[in-house]
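Here is what each chain is made of, one letter per residue.
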Amino acid sequence: DARAPAAAADAADAKRRDRAIAEAIPTDQKALFAAPVDWASIEKHDVVRTKLRPWVAKKIVEYLGEEEPTLIDYVASCLMRRAKPEEIRRELALVLDDDALVVVVKLWRVLLFHAAKAGQA
């Protein structure tokens, strides 16, 4: 199949683009939380429902051992209304204690990654 090398090259290009996006996202918490979010792309491409909600569900199970639909809905609703990361952390701290900050830092990196990726689409 003559298309196989082209498909492999496209996949490699996509992987390189994804890596470049990830490397451009701040790792420092203060810079990360201050980074601008392309909410228009997030909303246009339904990123909260398709990418972030499943990620949040997985993290909640990872930290609590079970799915907590109310907590998942809450985080998704915060993202839908463009809540600040500190607000999400404060609420998650009631359930996750010190792990809340770790989860929100990861969430914000995933959010910025998918926003950048959606912005390229």
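Anyway, here's the lowdown on the structure attached to this text. If you're wondering where the values come from, they're calculated on a predicted model, not measured in any experiment. (Residues numbered from 1 in each chain as written. Predicted model: local features only at pLDDT ≥ 70, side-chain atom pairs only at ≥ 80, totals over all residues. Heavy atoms only, no water.)

Describing a nonpolar patch on the surface
Convention followed: A patch consists of residues whose relative accessible area exceeds 30% and which take part in no salt bridge; residues with like charges are grouped when within 9 Å of each other, and nonpolar side chains (Val, Leu, Ile, Met, Phe, Trp, Tyr) when within 5 Å. Exposure was quantified through the Shrake-Rupley algorithm and a 1.4 Å probe, taking into account, for residues, occlusion by the shown protein chains and nothing else. By definition here, a salt bridge exists when the distance from a side-chain nitrogen of Lys or Arg to a carboxyl oxygen of Asp or Glu is within 4 Å. Only runs of H or I of at least four residues qualify as helices and only runs of E of at least two qualify as strands under DSSP, and these elements are numbered from the N terminus.
Residues L64, L94 and V95 make up a contiguous nonpolar surface patch of about 270 Å² in total accessible area. By secondary structure assignment, the location of V95 is in helix α6 (residues 85-96).

As for the nonpolar core
Spelled out, the test is: The criterion is simple. A nonpolar core is a set of buried Ala, Val, Leu, Ile, Met, Phe, Trp, Tyr and Cys residues joined through side-chain atoms within 4.5 Å. Burial here depends on accessible area, computed with a 1.4 Å probe over protein chains only, as a share of the maximum for the residue type. Under 20% is buried, over 50% is exposed, and the range in between is partly exposed. The criterion used for residue contact is that any of the two residues' heavy atoms lie within 4.5 Å.
Among the nonpolar cores identified, the biggest contains 38 residues, and L79, I88, L92 and W108 are the most heavily contacted of them. Breaking this core down by element, the ones donating at least two residues are α2 (29-34), α3 (39-44), α4 (47-64), α5 (69-80), α6 and α7 (99-120). Per element, the largest residue contribution to this core is twelve residues, and it comes from α7. Setting aside residues no more than four positions away along its own chain, W108 makes contact with L32, F33, V37, W39, L79, A83, K84, P85 and I88.

A closer look at the environment of L96
Along the polypeptide, L96 turns up in helix α6. Look past the residues within four positions of L96 in its chain and what remains in contact with it is Y63, L64 and V103.

Some points on unusual backbone geometry
A positive phi is found at R82, a non-glycine position, where the angle reads about 60 degrees. By the secondary structure assignment, R82 is in the loop between α5 and α6. Accessibility expressed as a relative area gives 40% for R82, which makes it partly exposed. Unlike most non-glycine residues, D97 shows phi in positive territory, near 55 degrees. Within the secondary structure, D97 sits in the loop between α6 and α7. The exposed category is assigned to D97, whose relative accessible area is 55%.

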